[in-house]
Amino acid sequence: MTDVQAKRVQPGSIDAKVAGRAVRRIKDYLMRYPEQSTVRVSGEHGGEDPLILPREAVSLLAFILAQAAEGRGVTVIPSHAELTTQQAADMLNVSRPYVIKLLETGEIPFRLIGKHRRIKYEDLQEYRRRDDAKRRTAADQLAELGQELGI
């Protein structure tokens, strides 16, 4: 596996009005032609061969444009990407030393490249799902206890 960088679009770097118009046109097209597995994109001036895009790629583009129209940033990360401990910490909104502790205790799988730890994006997401489920269970138990105690 190679180290793959994320593609990031900062909030406000895409014109929100242009993004809004584009996402509406894309959504209209996708709704009009739900059976199409590809989308043909023709140039504004015509005469050129149309660009053929997979429907899922166009749906992803629509999502990105919808976020841009709301003034939000977007990060696209390939599912096979490997992250540094700092990238993982940033994604989990925790400190880098905390991520290292999670790695060393086996909570999140990783591999070493020399002295550097690399974490598969998929493994980080799996940890996040498990951690979220634990938090929901704990919150449910606290709510249940509060009801029993009449709080």
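Residues numbered from 1 in each chain as written. Predicted model: local features only at pLDDT ≥ 70, side-chain atom pairs only at ≥ 80, totals over all residues. Heavy atoms only, no water.

Re the overall build of the protein chain
In plain terms, the rule: Secondary structure elements are defined from DSSP: runs of H or I of at least 4 residues count as helices, runs of E of at least 2 residues count as strands, and each element is numbered from the N terminus. Computation of the radius of gyration draws on C-alpha atoms, with the globule rule given as 2.2 Å multiplied by the number of residues to the power 0.38. We call a residue buried when its accessible area falls under 20% of the maximum for its residue type, exposed when it is over 50%, and partly exposed in between, using a 1.4 Å probe and counting protein chains only. We get accessible surface area from the Shrake-Rupley algorithm with a probe of 1.4 Å; when it comes to residues, only the shown protein chains can shield them. Neither His nor the chain termini are counted; the positive set is Lys and Arg, and the negative set is Asp and Glu. A charged residue contributes its charge at one atom only: NZ of Lys, CZ of Arg, CG of Asp or CD of Glu.
In terms of regular secondary structure, the protein chain is built from five helices and seven strands. Reading the protein chain from its N end, one meets helices and strands in the order β-α-β-β-α-β-β-α-α-β-β-α. Relative to the 2.2 N^0.38 estimate, which gives 15 Å for 151 residues, the radius of gyration of the protein chain is 21 Å and therefore markedly larger than a compact globule would have. Dimensions of the protein chain, computed from the C-alpha atoms along their principal axes, are close to 65 × 55 × 30 Å. Burial analysis of the protein chain (151 residues in total) assigns 25% to the buried set. Summed over its atoms, the accessible surface of the protein chain is roughly 10900 Å², and 53% of this surface lies on carbon and sulfur atoms. If the 24 positive side-chain charges of the protein chain are averaged to one point and the 21 negative ones to another, these points end up 4 Å apart.

Details of the sheet that holds strand 6 (residues 111-113)
Our working rule: A pair of strands is treated as paired once DSSP finds two or more bridges between them.
The strand order across the open sheet built from three strands is 5-7-6, with neighbouring strands paired in antiparallel fashion. The open sheet is flanked by strand 5 (82-83) and strand 6, the only strands paired with a single partner.

A few points about the environment of Pro 109
The condition is simple: Any two residues whose heavy atoms approach within 4.5 Å at even a single point are treated as in contact.
Inspection of the secondary structure puts Pro 109 in the loop between helix 4 (96-104) and strand 6. Along the chain, Pro 109 and Asn 93 lie 16 residues apart, while their C-alpha atoms are 18 Å from each other. Setting aside residues no more than four positions away along its own chain, Pro 109 makes contact with Leu 103, Ile 119 and Asp 123.

Considerations on the packing of helix 3 (residues 85-92) against helix 4
Which entries qualify depends on this criterion: Under this scheme, a helix contributes an axis fitted over its contacting stretch, all axes are lines through C-alpha atoms, and angles between N-to-C directions fall in the 0 to 180 degree range. What sets the label is the angle itself: under 35 degrees gives roughly parallel, over 145 gives roughly antiparallel, 65 to 115 gives roughly perpendicular, and the rest give oblique. Polar here means any residue other than Ala, Val, Leu, Ile, Met, Phe, Trp, Tyr, Cys and Pro, which are nonpolar, and Asp, Glu, Lys and Arg, which are charged; Gly is therefore polar.
It is the contact of helix 3 with helix 4, at a shortest axis distance of 8 Å, that shows an interaxial angle of 105°. Here helix 3 lies roughly perpendicular to helix 4, going by the angle between them. Touching Thr 85, Gln 86, Ala 88, Ala 89 and Leu 92 of helix 3 are Arg 96, Val 99, Ile 100 and Leu 103, all from helix 4. For the contact of helix 3 with helix 4, the per-class residue count stands at six nonpolar, two polar and one charged.

Let's talk about the pattern of salt bridges
To be explicit about the condition: Any Lys or Arg side-chain nitrogen found within 4 Å of a carboxyl oxygen on Asp or Glu counts as a salt bridge.
Tallying each qualifying case throughout the model produces five salt bridges. The partner of Glu 126 in a salt bridge is Arg 129, with the nearest N and O atoms 3.3 Å apart. Here Arg 129 and Glu 126 lie together in helix 5 (residues 121-149), a separation of three residues that amounts to about one turn.

Some remarks on the confidence of the model for the protein chain
Using the following cut-off: Per-residue confidence from the prediction method is given by pLDDT, with values spanning 0 to 100.
In this model, the protein chain carries a mean pLDDT of 89, and residues with pLDDT of at least 70 account for 95%. When pLDDT is averaged over each helix and strand of the protein chain, the minimum, 79, is found for strand 1 (residues 7-9) and the maximum, 97, for helix 4.

A closer look at the environment of Ala 143
If you trace the backbone, Ala 143 turns up in helix 5. Considered as a pair, Ala 143 and Arg 128 are 15 residues apart in the sequence and their alpha carbons are 22 Å apart.

Examining the pairing of strand 7 (residues 116-120)
As paired strands, strand 5 and strand 7 are joined by two bridges and run antiparallel to one another. Each bridged residue has a counterpart across the sheet, and for Leu 83 the counterpart in strand 7 is Ile 119. In the sheet, strand 6 pairs with strand 7 via three bridges, with the strands oriented antiparallel. Within strand 7, the residue paired with Arg 111 across the bridge is Arg 118.

Here we look at unusual backbone geometry
With a phi close to 60°, Asn 93 is a non-glycine residue in the positive phi region. Note that Asn 93 resides in the loop between helix 3 and helix 4.

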